[in-house]
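# Structure at a glance
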Amino acid sequence: MTLVLHPITEHRSRQVTAHPAHSLLIEATDGTGKGAVASYLAAKILDIGEHKVLSSPFVRHIAPDTTISIDAIRELNSFVKLKIPGAAAIRRIIIVEHAQRMTIEAQNAFLKLLEEPPADTVIILTASNSKQLLPTITSRLAVIRLAKPTEESLKNFFLAQGFEQKEIDKAYAMSRGTPGVMTAILDHAEDEPLLLHISYAKDILRATTFERLSKVDEIIKRIEKKN
């Protein structure tokens, strides 16, 4: 796993891996690469191959499509009760991506885990907006706020990966310098959520007035159905 990080983020990451906090929040806008940074930190803390993080039996990873239920948090409570052999101080990692999607019930259950964190476990959350988490949760978390890498470092990174300068310049402009979205554009990852939103927005702009109104009505109905 190769990351391109802003120097401030890189420095903060080194501090965390050298002296891991038991509960950590990685906060940044969507597409900045929060999940990749969480996996990177987990690999360094556990001292395992970076490609093995998400398949490791000592890592529990939650990455929701919608909400995170209280049942998912209860499973974490079971996970931390398992005995893990070894002499290392930290032997287990929990990664919860998009933590702001936890329901209130799930957040309250998660709070209990934070109040009595297992000594051998590091909990890493990612969130686009920490204000959607209970203050009693955020007050217990060390925070890394990801800064976007510089334009030069991003473009040099993708040049080194073998992409053409023209493709890189276009991807940088479309992504506004967010590494995750830029990677998805260059890799033609059509299932990337932010790319789907961009594509949908373009379709609306190309549509007739009647078609736009129909699409807006469709969006409203989806929102009402979720609520």
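Everything below is about the structure shown above.
A few points on the structure. (Residues numbered from 1 in each chain as written. Predicted model: local features only at pLDDT ≥ 70, side-chain atom pairs only at ≥ 80, totals over all residues. Heavy atoms only, no water.)

## Description of the packing of aromatic side chains
Just so we agree on the cut-off: The aromatic pairing rule takes the rings of Phe, Tyr and Trp, using the six-membered ring of Trp, and pairs them if the centres are within 6.5 Å, calling planes under 30 degrees apart stacked, those over 60 edge-to-face and the rest tilted. Each residue's exposure class comes from its accessible area (1.4 Å probe, protein chains only) as a fraction of the maximum for that residue type: buried when under 20%, exposed when over 50%, partly exposed otherwise.
Taken as a whole, this structure holds two aromatic pairs when the rule is applied. Ring geometry for F157 against F158: centres 5.0 Å apart, planes inclined by 80°, an arrangement best described as edge-to-face. When sorted by exposure, F157 lands in the same class as F158, which is buried. Residues F158 and F163 carry aromatic rings whose centres are separated by 6.1 Å and whose planes lie at 70° to one another, so their mutual orientation is edge-to-face.

## Things to note about the packing of helix α1 (residues 7–18) against helix α2 (residues 34–46)
So the rule is basically this: For helices, the axis comes from a line fit to the C-alpha atoms of the stretch in contact; other axes are also lines fit to C-alpha atoms, and the angle between any two N-to-C directions lies between 0 and 180 degrees. Only DSSP runs of H or I reaching four residues or more are called helices, and only runs of E reaching two or more are called strands; each is numbered from the N terminus. Note on convention: near helix rotated counterclockwise from far helix by under a right angle means a left-handed crossing. Clockwise means right-handed. Whether two residues touch is decided by their heavy atoms; if any such pair falls within 4.5 Å, the residues are in contact. Side-chain classes follow a simple rule in which Ala, Val, Leu, Ile, Met, Phe, Trp, Tyr, Cys and Pro form the nonpolar group, Asp, Glu, Lys and Arg form the charged group, and the remainder, Gly included, forms the polar group.
Put simply, α1 and α2 touch, their axes get as near as 9 Å, and they point 40° apart. In the crossing of α1 with α2, the sense of the turn from one axis to the other is right-handed. Between α1 and α2, the residues in contact are S13, V16 and T17 and L41, K44 and I45, respectively. Considering only residue class, the contact of α1 with α2 consists of three nonpolar, two polar and one charged.

## Brief notes about the nonpolar core
The line we're drawing: For our purposes a nonpolar core is just a set of buried Ala, Val, Leu, Ile, Met, Phe, Trp, Tyr and Cys residues, chained together by side-chain atoms within 4.5 Å.
Counting residues in hydrophobic clusters, the biggest one holds 23 residues, and the most contacted among them are I73, L76, I94, V96, M102, F110 and L125. Taken together, the elements giving at least two residues each to this core come down to α3 (70–81), β3 (92–96), α4 (104–115) and β4 (121–127). A per-element tally of this core places α4 first, with six residues. The residues touching L76, leaving out its near neighbours within four places in the chain, are R60, I62, I94, V96, F110 and L113. Within the second largest apolar cluster, 21 residues are counted, among which are A38, L41, A42 and I95.

## Here we look at the pairing of β3
Let me state the cut-off plainly: For two strands to be treated as a pair, DSSP must find no fewer than two bridges joining them. A clockwise path from the first strand over the helix to the second, with the strands pointing away from the viewer, defines a right-handed crossover.
Among the five residues that make up β3, five are buried, leaving the element largely enclosed by the rest of the structure. Alternating positions in β3 separate into two faces, R92, I94 and V96 on one and I93 and I95 on the other, with burial throughout. Pairing of strand β2 (residues 59–62) with β3 involves four bridges; the strand directions are parallel. Along β3, the bridge assignment pairs H61 with I95. Taken together, β2, α3 and β3 constitute a β-α-β crossover, and its handedness is right-handed. Here β3 runs beside β4; their pairing, made up of five bridges, is parallel. Paired with R92 across the two strands is T121, which belongs to β4. Viewed along the sheet, the connection from β3 through α4 into β4 turns out right-handed.

## A short note on the side chain of T121
By the secondary structure assignment, T121 is in strand β4. Relative accessible area serves as the criterion here: at 1%, T121 is assigned to the buried category. Excluding residues within four positions of it along the chain, T121 makes contact with H22, I90, R92 and I94.

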